[in-house]
Amino acid sequence: MSSSTAKLYSELVFGKPRLVISILLVFVTFFAWHAQNFRLDASADSLLLEDDPDLEFSREISSRYGMGDSVIIAYTPENNLFDRTTLQTMAQLRDELMVVQGIQSVDSILNVPIFGDTPLTGISENYLTILDEEQDLDLARDEIIQSPVFQNALLSLDGETAGLLVGFEIDETSRTLLSQRAELQKLQRAGEITAEQMFDLDQIEAEYSEYSVVAADRQHEIISSIRGILDDYRDDAVIYLGGAPMIADDLVTFVRADLQNFSIAVFLLIIFALGLIFRKVRWVAMPLACCAVACTMMVGILGLMDWRVTVVSSNFISLLLIITISLTVHLMVRYRELRATRHFSNHDKLLRHAVRSMFRPCLFTALTTAVAFGSLIVSGILPIITFGWMMMMGVVMALIVAFTLFPAVMSTLKKDDTNLSPNLRLNLTAGLAKFTDRFKGNVLTLYLLILVLSVIGLTKLRVENSFIDYFRESTEIYQGMSLLDEKLGGTLSFDVVVDLPNEDDLFSDDFGQGFEDGFDDGFGESTDNDAYWFSAPKMAQVEAIHNYLDADPQTGKVLSFGAVIQLAKILNNDEPIDGLLWAVLYSRIPETLKDTVLNPFVSIDDNQLRYNVRVIESADDLNRNELLQRIERGVEAEFGFADEQVRLSGILVMYNNVLQSLFQSQILTIGVVMFAIMLMFLVLFRSLSIAVICIIPNAIAASVVLGIMGWLDIPLDIMTITIAAISVGIGVDNTIHYMERFRREYGRFRNYRETMFFCHNSIGRAMYFTSMTIVAGFSILSLSNFIPTIVFGLLTSFAMLVALVGSLTLLPQLLITFKPLGNETTLE
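This structure is a prediction, so every number in the text was calculated from the model and none was measured.

(A) Layout of empty space enclosed by the protein. Scanning the model with the defined rule gives seven cavities of 30 Å³ or more in all. Considered as a void within the structure, the largest cavity measures approximately 270 Å³ in volume. Looking at the largest cavity, it is lined by 20 residues, and the ones nearest its centre are F115, I123, V564, L567 and I589. Only α19 (561-571), α20 (579-588) and α21 (591-598) provide two or more residues apiece to the lining of the largest cavity.

Written out as structure tokens, the structure reads:
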């Protein structure tokens, strides 16, 4: 900082420390008040690419086919499922669910039509269900199990598990706001938006942001109500709840529980580690106070700005703790180091010297860390972008707090009279110095080997997002998703949307003749046109596409009108169905069935088909990106459709788009981030050779972390994709601190080896204390039931250790080998 700024800073922080502390307390109080607006958000929209064309298409398809959110209940009674008492219990459960506000429908085997020996032409509104007294339950069971429509959807193949599909009411307010926003955003991207429309867009975005909180709370209440009802029935049955809304709700529940439970545990372990290292209350309280102030102010800022924390950014508080502890511990160790070696200097002078000497390296560590997290801003995904901004703001906040609160509080405290030995040796850091000195050039060979192994691991790295793998096998959600995969054809799904060609020759001549012969007299004009759509060739193609999708070994239950066609063939004794008969059937399908088996899968006006394909989440060899590409290309090639005639939509498609986008923006641009950090090294150290040397340990550290993920088959998913930025952000801190001290001390020793030993026992101590404190605290995260939390804790701890060891072995050996500070001289 400039001399005038430094003078003002010194006069304020060291001259008026109580004023500084009072100002900080005012800010803390202000932001603590706004912390009540701090929110977690795990809605589907929070993890999507807002400008993704598939998102707009999915919303269009959802609106066209009247699809709302739904959950599925797997119900496995202890007694026979097809017992009258059991069925009455299920009916009671259904009735209780229907009373819940926000639930529109509950479909199950209870309202499935039982046709028995009814011929195809005899289908009418007056069909029997399983609850009718005259219905033979054994025959009904066999019919449902063999039904192409309902098997593996509402009843397992073994007849022991029933599925209750609970449909939520469609949120028209949300759809209207999203539609209005999408139209205005399209104008904005095209550069055609007016000032008035821009104002409308801001208003709609603010309204949607506020409404989404209400909608999320309402959905949480619905799911909680469902769970409460299910709890009353668990004594006589094994019951699991599944579906995308439930998964999203559970993600928030797990993240919130981890934040509440493990925050205390991490806090206690950090206290223990600091106490073990420094053995004095003030040195334990100081970093904790800085962390408390920085975290409180950041949470308050997020609440004030309505920046919601998603499952992606839920670890930002933990990362902020790392950064704040690192800065504070470096200040503490530097002060203690000066006091141990300069016995006759007074407390104020030592404190000023410590703060002044550490400002430059700490400033640049903060800037380089911010650059690493800044790479997240180019992701194109709002939660990731927000996470990047959160961390950049958090880094600045940590820097400000550390360099105001620490010196201000220290200025008000009495001098620490603890007798500190000038012998700064620390066994571990000294051991690493001896290791480096003993093996010399072999250290470089070792790291080259590590780099090669890491690169091989990188080639094994895969991009995948499996929600079932987020949870331990002992958790209810894991067991529920596994059961749904095994018994009811899967939980999560995607849609295959096919635009059929408009060709008159698709229709059979006998169908047209039947219409001309007066068959249409009983229909209105609209019905005539709709019935005419159901030609025999077209129905054959609908069924063929269904069979193709169902035959894929990695798909679960396929829901489409193709299954209805298969059922119709069974009812017609496997005889072919011509166009005339299809028209008759269309006119006779009960309206209640049309809403279940026709309208969700066929859009006659758009000449379009929708196939809902469930995916077996628990499949070991499942690669969602490959599956989606194979399905889309396969349907096009197999049935001769053009590329624009077949499109995929749904939550799995959009999550896959997010992952592929994140991989490109984060992994493939990490080289650009490294280059930007190297430029900052160049500005800091004013030497190209030093900048290149400093970037090498950081590049290897990031490669090692990602390589380990590849070797251990830990996929890059929506939760772990940011680990590259985290690894780089953590690694640069140690590099800058060590290099800055090494350069300063080399002028005194003029010997690389002696300078290395000195730095390992000075700045190396601070690096070691910081790393061990954080590793100790974050190791407790391995006890979580939420796998992403476990992975984050272990990978963060591993990244800290890799960065520490690299900075204390590879970096000094590179300096000794290439001598960027000039040749050694013998001091007289």
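(B) Structural detail: the pairing of strand β5 (residues 493-499). For β5, a buried count of six out of seven residues is recorded, marking the element as mostly surrounded by other parts of the structure. Sheet analysis places β5 next to strand β8 (residues 608-615), joined by seven bridges and oriented antiparallel. Bridging across to β8, F494 finds its partner in V613. In this sheet, strand β9 (residues 646-649) lies alongside β5 in antiparallel orientation, the contact comprising four bridges. Its bridge partner lying in β9, V497 is registered against R647.

(C) Quick peek at the nonpolar core. I109, I226, F494, V496 and F561 are the most contacted members of the largest nonpolar core, which totals 250 residues. Considering each element in turn, this core owes the most residues, 15 residues, to helix α12 (residues 382-412). Those residues in contact with F561 that sit more than four places away from it in its chain are F534, M539, V542, V597, L598, F601 and V602.

(D) Structural context of a nonpolar patch on the surface. On the surface, a nonpolar cluster with roughly 670 Å² of combined accessible area is contributed by L448, L449, V452, L453, I456, W711 and L712. If you tally residues by element for the nonpolar patch, the top one is helix α14 (residues 441-460), at five residues. Looking at where W711 falls in the secondary structure, it is placed in helix α25 (residues 688-711).

(E) Region of interest: the environment of T328. Its location among the elements puts T328 in helix α10 (residues 316-341). Assessed through its relative accessible area of 0%, T328 is described here as buried. For T328 and C290, which are 38 residues apart along the polypeptide, the C-alpha to C-alpha distance reads 7.4 Å. Each residue touching T328, except ones within four places of it in the same chain, is listed here: M286, P287, C290, A402 and F406.

(F) The arrangement of the sheet that holds strand β4 (residues 237-242) in detail. On the basis of which strands lie adjacent, the open sheet formed by four strands has the order β2-β3-β1-β4 and antiparallel pairing. The open sheet has two edge strands with one neighbour each: β2 (103-107) and β4. Recorded for the sheet is a direction-independent mean angle of 20° between the axes of neighbouring strands. Across six bridges, the pairing between strand β1 (residues 70-77) and β4 is antiparallel.

(G) Region of interest: the environment of L40. Structurally, the position occupied by L40 is in the loop between α2 (17-34) and α3 (53-64). With near-sequence residues (within four places) excluded, L40 lies in contact with V252, V255, R256, L259 and V309.

(H) Quick peek at α3. End to end, α3 covers 17 Å across 12 residues, agreeing with the expected 16 Å (1.5 Å per residue, within 8%). Residues D54, L55, F57, S58, I61 and S62 constitute the buried set of α3. All buried residues of α3 project into a common sector of 165° when viewed along the axis, lining one side. Count one or two residues on from α3 and you reach G66, which has phi positive near 65°.

(I) Quick peek at the packing of aromatic side chains. Enumeration according to the criterion identifies 27 aromatic pairs in this entry. Here the aromatic rings of Y548 and F639 are separated by 6.0 Å at their centres, their planes lie at 85°, and the arrangement is edge-to-face. One end of the pair, Y548, is in helix α18 (residues 536-551); the other, F639, is in helix α22 (residues 624-639), with 91 residues separating them in the sequence. Aromatic ring contacts, followed pair by pair, group F254, F467, Y470, F471, Y655 and F786 into a single cluster. Over the face of the ring belonging to F57 we find R647, whose NZ or CZ atom lies 4.0 Å from the ring centre. The ring of F758 has R748 sitting right over it, with the charged end atom 4.8 Å from the ring centre.

(J) Region of the structure containing the environment of E56. Looking at the secondary structure, you find E56 in helix α3. Residue classification places E56 among the partly exposed residues on the basis of a relative accessible area of 34%. Between the C-alpha atoms of E56 and S649, which are 593 residues apart in sequence, the distance is 9.4 Å. For E56, the residues in contact, after removing those within four places along its chain, are K186 and R189.

(K) Structural context of the packing of helix α26 (residues 723-749) against helix α30 (residues 810-818). Here α26 crosses α30 at 35°, and the two axes come no closer than 11 Å. Where α26 crosses over α30, the handedness of that crossing is right-handed. Seen from α26, the contacting residues are T735, Y738, M739 and F742; seen from α30, they are L811, P812 and L815. Of the residues in the contact of α26 with α30, the class split is six nonpolar, one polar and no charged.

Criteria and cut-off values
Residues numbered from 1 in each chain as written. Predicted model: local features only at pLDDT ≥ 70, side-chain atom pairs only at ≥ 80, totals over all residues. Heavy atoms only, no water. 1 Å grid on protein atoms, 1.4 Å probe; cavity = no way out; pocket = protein on both sides within 12 Å on 5 of 7 lines; lining within 4 Å. Points joined across faces, edges and corners; volume = space filled by probe spheres on them. Helix = DSSP H or I, 4+ residues; strand = E, 2+ residues; numbered from the N terminus. Buried < 20%, exposed > 50% of the residue type's maximum accessible area, 1.4 Å probe, protein only. Pairing = 2+ DSSP bridges. Core = buried A, V, L, I, M, F, W, Y, C linked by side-chain atoms within 4.5 Å. Contact = heavy atoms within 4.5 Å. Patch = residues over 30% accessible without salt bridge, like charges linked within 9 Å, V, L, I, M, F, W, Y side chains within 5 Å. Areas by Shrake-Rupley, 256 points an atom, 1.4 Å probe, with all protein chains shown as cover. Salt bridge = Lys/Arg side-chain N within 4 Å of Asp/Glu carboxyl O. Axes fitted to C-alpha atoms, helices over the stretch in contact; angles between N-to-C directions. Expected span 1.5 Å × (residues − 1). Arc of directions from axis to C-beta. Phe/Tyr/Trp six-rings, centres within 6.5 Å; stacked < 30°, edge-to-face > 60°. Lys NZ or Arg CZ within 6 Å of the ring centre and 35° of its normal. Left-handed = near helix turned anticlockwise from the far one by under 90°. Nonpolar A, V, L, I, M, F, W, Y, C, P; charged D, E, K, R; others polar.

Geometric descriptors of this kind do not, in isolation, establish any biological role.
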